[in-house]
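Residues per chain, in single letters:
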Amino acid sequence: MTPLLKIENTVSGYDEADVLAGVSLDVAEREITCLLGANGAGKTTLIRTLLGLNPIRSGKVFFKTTEITGWPTHEIVRLGITCVPEGRRVFPAMTVLENLRMGGYLNESKSDISERLDYAFTIFPKLKERVGQLAGTMSGGEQAMLTIARGLMGNPELIIFDEPSLGLSPLFVKENFRVIQEINGQGISVLLVEQNVRQTLAISHVGHVLAQGKIITSGNTETLRESDALKAAYFGG
Amino acid sequence: MDLGFLAQFFVNGLVLGVIYALVAVGFTLFFGVLDVIKFSHGDVLMLGAFTALATYLGLSDIGVAPGVALILVFVAGIAGMAFVGAIVCKFLVLPLRGAPQLNTLLITLMFGTVIRESVRLFYPSGSNPKPFPKLLPDNAFEFGNLTLRLDSCIIVLLGILAIIFTQLFIQKTKFGLAIRAVAQDEETARLMGVNFKTVVLLTFALGSALAAVGGISTGLYYQEINFAMGLMLGLIGFSSAVLGGLGSLYGAIAGGFLFAALQTVGAVWFAVPAYKDVFAFAVVIMLMAWRPTGLLAERNEERV
Amino acid sequence: MANFVKGHFLITILATIAGLFVYFFLHLERSWEIVLVVGLAVLTMVVSRRKNLIARAQETCLQKPKFSISVFFVAAVAIIFALRSEHFALLMLTTVLLYITVCFGLTAQFGFVGLVNFAGIAFFGIGAYTTAVLYQYAAIPDFLIILASGLVAAVIGSILILPILRTKGHYAALITIAFGVLFRTFLEVNDTLGGPQGLKVDGISVFGLSFNENINLGLLGTGSSYVTYSILALVLCLVTFVFVRRMENSWVGLNMDMVRHDEIAAASFGIHPPSWKILAFTLGNFFAGLAGSIYASMSGFIAPASFNFADSLVLVSIVLLGGLGNVFSVIPAAFLVVVLPEKLQLIQEYRLLIFGIVVILILRFKPSGIMPRGARRYYPSLGVKK
Amino acid sequence: SDSSNKVKITFIGPLTGGVSAGGLGGRNSAELAVRLRNASGQSKYSYELVPLDDECKPNIGVQVATKASADPAVIAGVTHYCSAVAMGTVDIYHKFGLPVIVWGAVLPDITYANDYKEIHRVNGTMINQNEVAANFMVERGYKTWAVIHDTTDYGKGHNEYFSKSLSPLGGKILGTFAVNAEQQDFTAELTQIKRLNPDVIYFGGLAPTGVRIRAQMEKLAMDQVFQGTSGIVSDAFIEGAGDLAEGVLAFREGAPTEKLPGGAVFIEKYTEANFNEPPEAYGAFSFAAANLIMDAIEKVGPDRIAVMAELNATNDHDSIIGKISFDDHGQNTVAVITKYVIQDGKWVVWEDSSYAAGAKRLTR
Amino acid sequence: MSLLSVDRLTVSFGGLRALDEFSFSLSEGDFVGLIGPNGSGKTTFFNALTGIYKPQFGSVSVDGNDVTKASPQAMYEVGVTRTFQRLRLVPSLSVFDNLIVGSQRGLNTNLWWNIFKRAGLRKKVDEELSRCSDLLSQFNPRLVGTLLSPVSTLSMIDRRRIEVCRALISQPRILLLDEPSAGMTHEETRMLMEDLLTWKERSPSLAIVLIEHEMGVIDRVTNRCVVLNYGKKIAEGEYQIVSQDPLVKTAYLGEE
Ligand SMILES: Nc1ncnc2c1ncn2[C@@H]1O[C@H](COP(=O)(O)OP(=O)(O)OP(=O)(O)O)[C@@H](O)[C@H]1O
Ligand SMILES: Nc1ncnc2c1ncn2[C@@H]1O[C@H](COP(=O)(O)OP(=O)(O)OP(=O)(O)O)[C@@H](O)[C@H]1O
Ligand SMILES: [Mg+2]
Ligand SMILES: [Mg+2]
């Protein structure tokens, strides 16, 4: 079976330096694939590159059978990819509701949107209380909730999460992992980046470890958990 | 003062206000989408008026009926300026995104100069004022001392319609949401599936089309256009937009009418009417001190 | 030692080349000559950009500021003497120097503390008018008149402080625009200051040396009266340059940068943003007033029409075209913006058009201006690898 | 002629900006004079015109005046259309000893507020113009006026001299409105005037502003007679105001170009030369000034002092604008003022018009 | 007398009471954890304390002096510094510039001095440079080399370290840390906390308030913690005790 997302030998970076030195990675359909690695390993860079936010220097990216290398972001997204970006990127001068509407920008079905809105509100009741608040004035964690909720508004085949639980309180960290599993249960594939290695491995099917711009080890999560490479990646060993 | 004259001042102010508001709405749109000031806006307005005039002259040569001509004149002006707006955006505004924002102001300012000088030099005897054809019915109704002309009414109506259309377009379609999203966070907007370039180009086209409506209205109302007319109108339009509160369509409208009102009051009040601009701008300074983010301020989203 | 000599040598060469360019740019009148000079300048720019020469040159100068300033000053004086009998070239040179002075102030305002001032020419004008009035009604020494003009500009500017402190960004810009328009219209309508017809201004004279007479330069023969003005302007320009540069490279500059970038963080670490804004605003207006004063004496005549909004935009253009916040960049930008249209007189009515196109092209290729701002350097050798 | 004997003459006027129409017409006319002279084959020198743009701004004017004066090759100048600029530059010409002839600016002070021998003017001043204007209008039976003038020297001067001339004649000014030259909208001022209900609206200013005011009177259904000054005697006014120009009055010193002794030839040559812009009202003065200078140079040689002396001695000199004689202040003493009315899209001398003949009537 | 005492501090935004009659006190040498669900008012408390938000009600005093309505500058002068949850460094300025701003109190910002006493300035800059290097080397020796490069060239994590250093460089008496370890791995968080504790050993009177969602950290480093919920204090005490509180469990930890 062809993977949903296929990244081949991707090289990318900022200014002169390459951050990714030839990364290959597959995301299989209906699975949660996690990407692990120390800070600055290049996880975010990889995500940005595959979404066309960073120019790709060499390598190829496929979604299903379509090669999307070099496509503009909005067209890649249109194929059915949603991203919950790193760093609580809300639209600060829009209300919570408007932010959620932006999440459903490509979703043409009004009824689907309102269903998803309800779903988001049941996960994060706080957002429901605050539909009219400007997102920029919310607390850090509330903004994190909003980016996650916004990511749930579309109708994607693949969701990419980049450190979604940053700044969430323990209760919501748990909730967040539960939601990811639930989404996956609906048949949506997930690419997950998280610092919380233990819990991430617990819900993922497959994992990849990124260090020095390369995937140093991949495999199913049981084997990864024991792998030395993982420890090395995190503890600079 | 007798009521007729008061009404007359009011009507004068109203027409002026509509024209200012049309210009101000353009500024607010550009500001809303890219947080830039486009200083060539007044000159685009002038170019719109000249495009319309040239179209009319062409049409009247081949003997098109005035009614049809009126519509075609609008179409030509609007389409032409929408195109110019998009061109400015594509070649002057977008490439400067990485640079300090004020540089956009400078490049558009220079572009305004280029437009103005080009019209002056290359439009046949372009340095002279040009009569604008009377395309609207000019029946006048006298109510005591008030002279109400049909064309003034039509222009006010037209301007208001154009603004309402813009408002609806922005509010009722996703486009408005996209404009704001792009302004606040370009990358995230793209992640949501917004085609950044299209949105920005369309916004510039829309704003410039409104300028064309403003320019043609100015021509129809004053029956005269000239290559320098955009200078003051641009400045006042900008002031109105800021005064009303940048990024707010209603603010731009309020600002436009307020500015017209200030000038009218100033002209009546002072023995030397030239003081009216001193008056209007002095009041602007005071209003800004009172409401630092404009009359209809944006809600402040900054937090710590 | 060898390196030391090399640095000095390089700076001297640099000053000579720059000096020659300026000299020929000011001196030449024929179209093909000007095209040649401008072409050569562009070529030099392109080549030096390839090899990163501009950055390296700037670096060399930065490391030996006293020496470079002296050398460039000498070069400037040399230009003035070389042009001693060319009134027009000197007039242009003086005008450029005065505009540069104003733009140093504007750089402090918008480059450092982030206050966009669209009324630069109004403060310049206030200085000019103060000078005109003081010459007529007050019997005080001329250099005091210059100083007083700067002060008056700064004081009148302070009526704008309240609204400016309350507003930000484009809103603050509107206040200055409004002030500029208001100032000019006020002058024009109001007859006590000469109305539209303007005022005549006496020339400066210090210790019996009248600036408006041709001067005896000894062996060099007689020089134009503008020689004295250009030297005065050069000195003012130099003083403001050193002042603003030192301000930038100090705790003051640091605080101003913090205020521009993040008032809340600044406030949380004990910085009082309004003080710095007031300082930069007042200082900038003071410089503008000084320059305006000398300008008024030099041109002998001032009228409201010389202080239009369009002229404020010229000043803003200089600051932006150079590279926002970079004090050096003001200098080449001012030559370009002030002198180029004058040199384009050859093409008469097409000159503004061509000028507009030139600026657009420059910005398209250098979106951040000719020389973008570099890092702060508290003292010359800071961070230089031994 | 000996082509190695090149002599430079400068022309200064507004070539860019709002009133550039007048400036370009003047420039072309001076250019024409030089071309004709060089082509005539009878001149001792080969002349070169150095046109400079003062943008109608005093500071720029000072710059270019310095530029011209400081160039020793420039022997004399045909300078200035805008009064404010001329006021700013007279000192420069004096300082550098460059003889100039003003070709368009009409403020009296330019020649009369100084004793500079360098400064001359071929066109008349606004004093003469307004005396004739006031007399003429009062004779037609008009009693009340509202004055609109722009806030430049030109507008303010006209206001001053017109009211001075009018009051002894018994005419009454009901209101005076100073406006900005760049202003677009005049409806507020005009509504005020409508309240005052004068017989005539007197406008002191240049064509672009005049066009706007005339057009906006129509908006308010105002039927006052529109009386302008020399500044609107320009094709630009008729072109801009279109049909509304009919019946507008204006006064200008000197005879109309086509009635001038050499007017027909001038117009013919001008047309032949194929300039992009019309000569406008003051083109003939610029042409005459350039010729006057060249005549002087032919006579005394390319030397500023000699040329200045020669110009100062000008008396009964033949030119296309008639005889030129300078008084002590270098002011041409042409007293002839022409009254114009716009009829069928043309500036027509009043006496030749259907209005004078009674076939047409002014609005009030 | 306690170093800081907060009495019934209340901050509201429109109808929302972000901080609701919150009382709190801090003594010299305290290391207090401030925890609570998202949006419970933790950051708002910091903002009110540092004078950025003006409280509607209640009072704050430092050393017994009332500072309720004090400006941010005044709070800094009293010795209260903080980090921001969303970093507030200036990316285009150098690490040194960003750090030294924290030292404002020790800088002579007199215009005359800065322009004319260049030798003095130079000496001071050198002093401050070495002070900054020392401080950075405690947190991450690698950062010393980047002292003169713009902050924009650093990774997020290093920026967080610099933000902490900026708050420390003026030797504050009260340090407010708002989720300093967000985005760090366990190991990095551990190192940061060690560094903080080392610092604290050297200046034992320093009082620290730490906002943190990582309970392991709170448990390890704090000697007391305060739990907020909907702007109200719902518990206070040692973490081991507080974490057993059923209210805290349901509202925050999500355990039954
Ligand atoms: N805009 C940028 N310009 C220059 N370098 C950058 C930029 N963004 C990231 N980098 C550098 O690229 C490298 C990889 O960064 P990236 O953000 O991809 O890491 P990451 O694995 O996502 O880390 P984290 O866990 O901190 O999110 C880092 O060394 C970082 O400093
Ligand atoms: N300027 C403001 N306008 C309106 N509401 C605000 C504003 N600032 C904060 N709030 C609200 O006040 C509440 C408290 O916010 P605060 O930032 O203090 O939360 P927090 O405890 O720091 O949460 P987190 O752990 O998510 O950072 C939140 O619900 C937030 O939405
Ligand atoms: Mg990342
Ligand atoms: Mg918080």
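Everything numeric in this text was worked out from a predicted model, so none of it was measured.

K.L.:
Help me out: how do you make sense of the pairing of strand β8 (residues 200-204) of chain D in this one?
P.N.:
Both faces of the sheet carry side chains from a regular strand, because those side chains alternate between them. Residues and elements named next belong to chain D. β8 sits mainly inside the fold: five of its five residues count as buried. Where burial is concerned, the two faces of β8 agree: the one with Val 200, Tyr 202 and Gly 204 and the one with Ile 201 and Phe 203 are both buried. Judged from the five bridges that link them, strand β6 (residues 144-150) and β8 form a sheet pairing that is parallel. Across the sheet, residue His 149 finds its bridge partner in β8, namely Gly 204.

K.L.:
Looking at this model, I keep getting lost on the arrangement of the chains. Mind explaining?
P.N.:
No other pair among the seven pairs of chains in contact exceeds the contact count of chains B and C. Kept free of each other, chain A and chain C leave a smallest C-alpha distance of 15 Å between them. There is a gap between chain A and chain D: no contact, and a shortest C-alpha distance of 38 Å.

K.L.:
Would you take a moment to explain the state of the cysteines for this structure?
P.N.:
In a disulfide, the sulfur atoms of two cysteines are held together by a covalent bond. Residues and elements named next belong to chain E. As enumerated under the stated definition, the model contains one disulfide over all chains in all. The thiol of Cys 132 is unpaired, and the distance to the nearest cysteine sulfur, on Cys 165, comes to 8.7 Å. For Cys 132, a relative accessible area of 0% gives the class buried.

K.L.:
Hey, could you run me through the coordination of the magnesium ion (ligand 3) in this one?
P.N.:
Reference values for coordination geometry: four tetrahedral donors around a metal ideally subtend 109.5 degrees, six octahedral donors ideally subtend 90 or 180 degrees. All names here are of chain A. Only Thr 44 (OG1) and Glu 86 (OE) from the protein reach the magnesium ion (ligand 3) as donors, at distances of 1.7 to 2.2 Å. Residue Thr 44 is located in helix α1 (residues 43-50), and its partner Glu 86 is located in the loop between β6 (81-84) and α3 (96-103); the two are separated by 42 residues in the primary sequence. Relative accessible area serves as the criterion here: at 19%, Thr 44 is assigned to the buried category.

K.L.:
In this structure, what is going on with the coordination of the magnesium ion (ligand 4)? I would like to understand it.
P.N.:
The protein atoms that coordinate the magnesium ion (ligand 4) are Thr 43 of chain E (OG1) and Gln 85 of chain E (OE1), at distances spanning 1.8 to 2.3 Å. With Thr 43 of chain E in helix α1 (residues 42-49) and Gln 85 of chain E in the loop between β6 (80-82) and α3 (95-101), this pair connects stretches of sequence that are 42 residues apart.

K.L.:
Honestly, the pattern of salt bridges in this entry has me stumped. Any pointers?
P.N.:
If the charged atoms of two oppositely charged side chains come close together, the side chains can form a pair. The full count for this structure, using the stated rule, is 58 salt bridges over all chains. In this structure, a network of salt bridges that share partners links the residues Arg 245, Glu 248, Asp 257, Arg 260, Arg 373 and Arg 376 of chain C together with Asp 97 of chain E.

K.L.:
What exactly am I supposed to notice about the site of ligand 2 here?
P.N.:
In the vicinity of ligand 2, 23 residues are found, and the nearest of them are Arg 130, Gly 141 and Glu 142 of chain A together with Thr 43 and Thr 44 of chain E. At the site occupied by ligand 2, the surrounding residues belong to chains A, B and E. Side-chain polar atom of Ser 139 of chain A to an oxygen atom of ligand 2: 2.6 Å apart, as the coordinates give it. Between ligand 2 and Thr 44 of chain E, the relevant distance is 2.5 Å, taken from an oxygen atom to a side-chain nitrogen or oxygen of the residue. When ligand 2 is considered free in solution it has 630 Å² of accessible area, and contact with the protein chains removes 93% of it. Broken down by secondary-structure element, the contributors of at least two residues to the shell around ligand 2 are α6 (140-151) of chain A together with β2 (16-26) and α1 of chain E. Looking at side-chain class alone, the shell around ligand 2 contains five nonpolar, 13 polar and five charged residues.

K.L.:
In this structure, what is going on with the nonpolar core? I would like to understand it.
P.N.:
Buried together is how nonpolar side chains tend to be arranged in soluble globular proteins. In terms of nonpolar packing, the biggest core is built from 428 residues, with Trp 251 of chain C together with Leu 190, Phe 237 and Trp 347 of chain D touching the most fellow members. The element contributing the most residues to this core is helix α5 (residues 87-112) of chain C, with 18 residues. Trp 251 of chain C has contacts with Tyr 378 of chain C together with Phe 96, Ile 100, Leu 107, Asn 108, Thr 109, Trp 113, Asn 114, Leu 121, Lys 124, Val 125 and Glu 128 of chain E, leaving out every residue within four places of it along the chain. Core analysis: the second largest hydrophobic core is formed by 43 residues, Cys 34, Ile 123, Ile 159 and Ile 183 of chain A among them.

K.L.:
Explain the pairing of strand β3 (residues 74-79) of chain D here, please?
P.N.:
All names here are of chain D. Along β3, six of the six residues are buried, which leaves the element largely enclosed by surrounding structure. Relative to β3, strand β1 (residues 6-13) runs parallel, the two being bridged by five bridges. Bridging from a neighbouring strand, Phe 11 pairs with Val 78 of β3. One ladder, built from three bridges, connects β3 with strand β4 (residues 100-102); its direction is parallel. The residue of β4 that forms the bridge with Thr 79 is Val 102. One crossover worth recording links β3 to the parallel β4 by way of helix α3 (residues 83-96), and it is right-handed.

K.L.:
Would you mind showing me how to read the sheet that holds strand β4 (residues 57-62) of chain E here?
P.N.:
Whether parallel or antiparallel, the strands of a sheet pair through hydrogen bonds between backbone atoms. All names here are of chain E. In space, the four strands of this open sheet follow the order β2-β1-β4-β5, with antiparallel pairing throughout. Strand pairing shows two members of the sheet lacking a second neighbour, β2 and β5 (65-66), which therefore form its edges. In the sheet, strand β1 (residues 4-13) pairs with β2 via seven bridges, with the strands oriented antiparallel. Paired with Val 6 across the two strands is Phe 24, which belongs to β2. Of the strands in this sheet, β1, β2 and β4 touch α1, which is tilted by about 110° from β1.

Scoring rules and cut-offs
- Residues numbered from 1 in each chain as written.
- Chains lettered and ligands numbered in written order.
- Predicted model: local features only at pLDDT ≥ 70, side-chain atom pairs only at ≥ 80, totals over all residues.
- Heavy atoms only, no water.
- Buried < 20%, exposed > 50% of the residue type's maximum accessible area, 1.4 Å probe, protein only.
- Helix = DSSP H or I, 4+ residues; strand = E, 2+ residues; numbered from the N terminus.
- Pairing = 2+ DSSP bridges.
- Contact = heavy atoms within 4.5 Å.
- Disulfide = S-S within 2.5 Å.
- Donors = N, O, S within 2.8 Å, 3.2 Å for Na, K, Ca; no water.
- Salt bridge = Lys/Arg side-chain N within 4 Å of Asp/Glu carboxyl O.
- Near = heavy atom within 4 Å.
- Polar contact = N/O pair within 3.5 Å; in protein donor to acceptor, adjacent residues only side chain to side chain.
- Areas by Shrake-Rupley, 256 points an atom, 1.4 Å probe, with all protein chains shown as cover.
- Nonpolar A, V, L, I, M, F, W, Y, C, P; charged D, E, K, R; others polar.
- Core = buried A, V, L, I, M, F, W, Y, C linked by side-chain atoms within 4.5 Å.
- Right-handed = clockwise from strand over helix to strand, strands pointing away.
- Axes fitted to C-alpha atoms, helices over the stretch in contact; angles between N-to-C directions.

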